[in-house]
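# Secondary and tertiary structure notes
As a plain string of letters, each chain reads:
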Amino acid sequence: MAAVAELIRTEADGKISFGNHLLQEKSKKEGFEAGGDEYKVKTFKEITKLERNGMFVYESVPGTSVEHFAESENGVSFTVEGTEDAQITLGLEEDTEYDVKINGEDAGRMRTNLGGKLNVSVELAVIGEVKVEISK
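Residues numbered from 1 in each chain as written. Predicted model: local features only at pLDDT ≥ 70, side-chain atom pairs only at ≥ 80, totals over all residues. Heavy atoms only, no water.

### Some points on the packing of aromatic side chains
What counts here: Stacked, edge-to-face and tilted labels apply to pairs of Phe, Tyr and Trp rings (six-membered ring for Trp) whose centres lie within 6.5 Å, assigned for plane angles under 30 degrees, over 60, and everything in between, in that order. To qualify as a helix, a DSSP run of H or I must reach at least 4 residues; to qualify as a strand, a run of E must reach at least 2; elements of each kind are numbered from the N terminus. The buried label goes to any residue with under 20% of its type's maximum accessible area, the exposed label to any with over 50%, and the partly exposed label to all in between, with areas taken from a 1.4 Å probe on protein chains only.
Per the counting criterion, the structure on display carries five aromatic pairs. Aromatic pair Phe18 and Tyr58: ring centres 5.1 Å apart, planes at 80 degrees, arrangement edge-to-face. Of this pair, Phe18 sits in strand E2 (residues 16-18) while Tyr58 sits in strand E6 (residues 55-61), and the two are 40 residues apart along the sequence. Across the pair, Tyr58 and Phe18 agree in class, each one buried. Judged by centre distance (5.6 Å) and plane angle (75 degrees), the ring pair of Phe18 and Phe69 falls under edge-to-face. Residue Phe18 is located in strand E2, and its partner Phe69 is located in strand E7 (residues 65-72); the two are separated by 51 residues in the primary sequence.

Here it is as structure tokens:
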């Protein structure tokens, strides 16, 4: 996996990939359409943020590169890459409990807050890339 040079793209399977954790300066792309939704991405080495139709979807500190990001009514899944461990915040259904798996291993159940945000930490400094699956 590598950084997404075009900042955001649609994959052959319809999922989106976004972010470039290798950029030294802030970059953004607005008005990207996929699956009937409009996306906006802001990314560089310190932060990556994704919005769909003006609503918060994803944020990582420091910045990450995300591939095959897929959302459904039951959760979200994606592969994330970075050079440092990252704190990821996802916009999901408010006050809901989710099962979290990192690289196929159970990371426990977590509950979103009243704003629907769920925080997950991923160890990227050693591994470099992990698969994240979050489901109700």
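From this point, the discussion proceeds with the structure in view.
### Section: the sheet that holds strand E8 (residues 75-81)
Quick reminder of the rule: Strand pairing is defined by DSSP finding a minimum of two bridges between the two strands. Throughout, an axis means a line fitted to C-alpha atoms (over the contacting stretch in the case of helices), and angles, computed between N-to-C directions, take values from 0 to 180 degrees.
Overall, antiparallel pairing links the seven strands, which are arranged E1-E2-E7-E8-E13-E10-E11 in an open sheet. Each edge of the sheet is formed by a strand with only one pairing partner; in this case those strands are strand E1 (8-10) and strand E11 (105-111). Pairs of neighbouring strands in the sheet enclose a mean axial angle of 20 degrees, with direction left out of account. When strand E10 (residues 97-102) meets E11, the two strands line up antiparallel, connected through six bridges. Directly across from Ile102, in E11, lies its bridge partner Glu105.

### A look at the pairing of strand E5 (residues 47-52)
Pairing of strand E4 (residues 37-44) with E5, which is carried by six bridges, proceeds in the antiparallel orientation. Across the sheet, residue Thr43 finds its bridge partner in E5, namely Thr48. Connecting E4 to the antiparallel partner E5 that follows it, the hairpin turn spans two residues. In terms of strand pairing, E5 meets E6 through five bridges, oriented antiparallel. What sits directly across from Leu50, in E6, is Tyr58. Remark: two residues form the turn of the hairpin made by E5 and E6, two consecutive strands paired antiparallel; Asn53 in that turn has positive phi of roughly 50 degrees.

### What about the pattern of salt bridges?
We count it as follows: Criterion for a salt bridge: a side-chain nitrogen of Lys or Arg within 4 Å of a carboxyl oxygen of Asp or Glu.
Evaluation of the coordinates by the stated rule reveals 10 salt bridges. Residues participating in the shared-partner salt-bridge network are Asp95, Glu97, Asp99, Arg109 and Arg111.

### Regarding the layout of surface pockets
Cut-off, in case you're wondering: The definitions used throughout rest on a 1 Å grid laid over the protein atoms alone, on which a cavity is an enclosed set of points accommodating a 1.4 Å probe that cannot get out and a pocket is an open set flanked by protein within 12 Å on both sides along at least five of seven lines; lining residues are those having an atom within 4 Å of a point. Grid points are joined across faces, edges and corners, and a volume is the space filled by probe spheres set on the points. Each residue is assigned to one class: nonpolar for Ala, Val, Leu, Ile, Met, Phe, Trp, Tyr, Cys and Pro, charged for Asp, Glu, Lys and Arg, and polar for all the others, Gly among them.
What the largest pocket holds in volume is close to 210 Å³. Taken together, the elements giving at least two residues each to the lining of the largest pocket come down to E4 and E7. At three residues, the largest contribution of residues to the lining of the largest pocket is made by E7. A class-by-class count of the residues in the lining of the largest pocket yields five nonpolar, three polar and four charged.

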